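Fold and geometry: a report
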Amino acid sequence: MSSRHREIACDESGFTGSNMLDPDLEIITHAGLHLDQETAAEYVALIRARFRRYSAREYKASQLLRHRIAVEWLLGTLSGQATVHLTDKTYFTVTRLVDLLIGDPSYAAGTSLSLDLRPVARTLHRAGPVVFGAPRWRAFLATFVMMMRHKRYRGIDGPWVARFLQTLDGMRSERLDPLLQPLRDARPQLFHVLNELRDDRSPVPPPLEPLIPALFETARLWSADGSSVRILHDEQSALTPYRVAQVGALLRTVSPNPEPLLGLTMLDSRTDPRIQLADFLAGVARHLATAELRNQADPYLTSLLRPYLAPTSLWCHQSSWHRLTTSR
C-alpha cells in the first residue's frame, strides 16, 4: 500500500445549481489536478502573458477557448497530471429519478458503486424522448426537478409532489410501462425520501447535486493506488462538511487505504493557481465534450482531451462517448 499523500486541486464547469435541464449547459465537468503551487503559478503566468487585455486577477476558460494554441498547450502540458469527470445533466436527472423511487437513494447512488438500476435509467433516457416526444419527456423531467428543488414543499402534500405524480401517471406506453409502472407504484418510497430530505444531515444526499458523485469519483481515481488525498476545491456551498464526510466514509468501503480522503479545503480560484488551472481544464473539457455530444467536435482537440477522461463519467450517448474515449 502506498503511504503517499496528495493534494488534488479541483473545480467544476457547467454548474447551474438544481436547474438540471438548461439546454445551453448540458454537461457539468469536474477536474482534478495534482501539481505543486510553484509549477501551477508558472503555468498560469504563461497563460496570462497571452491575455494582457483581460483582467489581471483571474482568467476564465471562456477566454482561453478563444485561442486554440493556448488550449492545445494546456491539454498537452497537464496530461498525466489531471483527470476530468463528465456528467450529462439530463441523464443524471433520470438516474436520480430512478434511484430515489425504486433504488437505494444513498450517497453511493449516482456513483460507479451503484449500477444495478443504471440499465433502467439508460433505457428511459434514450427511449423516453422517442416514445413520448422530446417536449413531453422534458416536461415530465421538469416536474421531477421542480419537486426536488422546492425544499419547503417537500412534504407529501406539496403542490409539486401532486403535479409530479399526476404527470407520471399520465406517461403511458406499452413499450415503457414495464419500467414506468414500478415508478408509479413507488409512492411510499418517494414520500419517505421527501421526508428524509427535510433534514440537512439526512443519509439521503441532495438529489440534484451532481458535484457529490463527481467528487467521489475524482477522489477515488486519485486514491486508487492507496494514496491519501486532500481535496483543494473552489468555493462551493454544496460541499458541506457533513457531505464531504459522507463521501469520505463511502470511499473507505472501496479503498485499500483506511483513510483515503483526508478532507476538503475551500480555496479561491482568483488567488490559488492550482484551482485556476483546474478551472481552465474543466471549462475546456466541457466545451469539447459538448461539441462531441452535438457532433460538432474537432477530432484533434478531442484526442488531446481523451487521456483525462474518467471512465466512471456519467454519460449515456453511445456514439459521442465512443469518439471521446476511442482513438481513431
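Residues numbered from 1 in each chain as written. Predicted model: local features only at pLDDT ≥ 70, side-chain atom pairs only at ≥ 80, totals over all residues. Heavy atoms only, no water.

1. What to know about helix α9 (residues 187-196)
Using the following cut-off: Three exposure classes are used, based on accessible area relative to the maximum for each residue type with a 1.4 Å probe and protein chains only: buried under 20%, partly exposed in between, and exposed over 50%. A run of DSSP states H or I qualifies as a helix once it reaches four residues; a run of E qualifies as a strand once it reaches two. Both are numbered from the N-terminal end. Within this analysis, the arc is defined by the directions that extend from the helix axis to the C-beta atoms. Here, residues are in contact when the closest pair of their heavy atoms is within 4.5 Å.
When α9 is considered as a whole, its buried residues turn out to be L190, V193 and L194. The buried residues of α9 all sit within an arc of 100° when viewed along its axis, so they share a single face. Packed against the buried residues of α9 are α4 (89-102), α6 (134-149) and α7 (159-170).

2. Details of the sheet that holds strand β4 (residues 228-234)
Defined as follows: Note on pairing: DSSP must find at least two bridges between two strands before they are called paired. Geometry is summarised by axes, namely lines fitted to C-alpha atoms with helices restricted to the contacting stretch, and by angles between N-to-C directions that run from 0 to 180 degrees.
In space, the five strands of this open sheet follow the order β3-β2-β1-β4-β5, with mixed pairing throughout. The open sheet has two free edges, formed respectively by β3 (82-88) and β5 (261-267), since each of these has just one partner strand. The average undirected angle you get between the axes of adjacent strands in this sheet is 20°. Where strand β1 (residues 5-13) meets β4, six bridges bridge the pair, whose relative direction is parallel. Counterpart to C10 in the pairing with β4 is H233.

3. Quick word on the nonpolar core
Applied cut-off: Buried Ala, Val, Leu, Ile, Met, Phe, Trp, Tyr and Cys residues that are joined via side-chain atoms within 4.5 Å together make up what is termed a nonpolar core.
Within the largest apolar cluster, 39 residues are counted, with the highest numbers of intra-cluster contacts made by L101, L124, M147 and F164. Of all hydrophobic cores here, the second largest spans 37 residues; its members include I47, V84, L86 and L232.

4. Points about the side chain of S228
In this fold, S228 is placed in strand β4. With a relative accessible area of 5%, S228 lands in the buried category.

5. Considering unusual backbone geometry
The phi dihedral of N295 falls on the positive side, at around 60°, and the residue is not glycine. Mapped onto the fold, N295 is located in the loop between α12 (273-293) and α13 (299-305).

6. Focus: the confidence of the model for the protein chain
Our working rule: Across the chain, each position has a pLDDT score giving the predictor's confidence in that residue, from 0 to 100.
Taken as a whole, the protein chain shows an average pLDDT of 90; of its residues, 92% reach a score of 70 or greater. When mean pLDDT is taken per element in the protein chain, β3 scores highest with 98 and helix α2 (residues 61-64) scores lowest with 70.

7. Digging into the pairing of β3
Of all seven residues making up β3, seven are buried, and the element is well covered by its neighbours. Bridging between strand β2 (residues 27-33) and β3 involves seven bridges; their strand directions are antiparallel. Across the sheet, the residue bridging to G32 is T83, located in β3.

8. Quick word on the packing of α7 against α9
Let me state the cut-off plainly: For classification purposes, angles smaller than 35 degrees are called roughly parallel, those larger than 145 roughly antiparallel, those between 65 and 115 roughly perpendicular, and all remaining angles oblique. By convention the crossing between two helices is left-handed if the near helix lies anticlockwise of the far one by an angle smaller than a right angle, and right-handed if it lies clockwise. Residue type decides the class: Asp, Glu, Lys and Arg count as charged, Ala, Val, Leu, Ile, Met, Phe, Trp, Tyr, Cys and Pro as nonpolar, and the leftover types, Gly among them, as polar.
The interhelical angle for the contact between α7 and α9, taken along N-to-C directions, is 155°, at an axis separation of 13 Å. Classed by the angle they form, the pair α7 and α9 counts as roughly antiparallel. Note that α7 runs across α9; the crossing there is right-handed. The residues of α9 that touch α7, namely those facing V161, F164 and L165, are R187, L190, F191 and L194. Residues that form the contact of α7 with α9 fall into these classes: six nonpolar, no polar and one charged.

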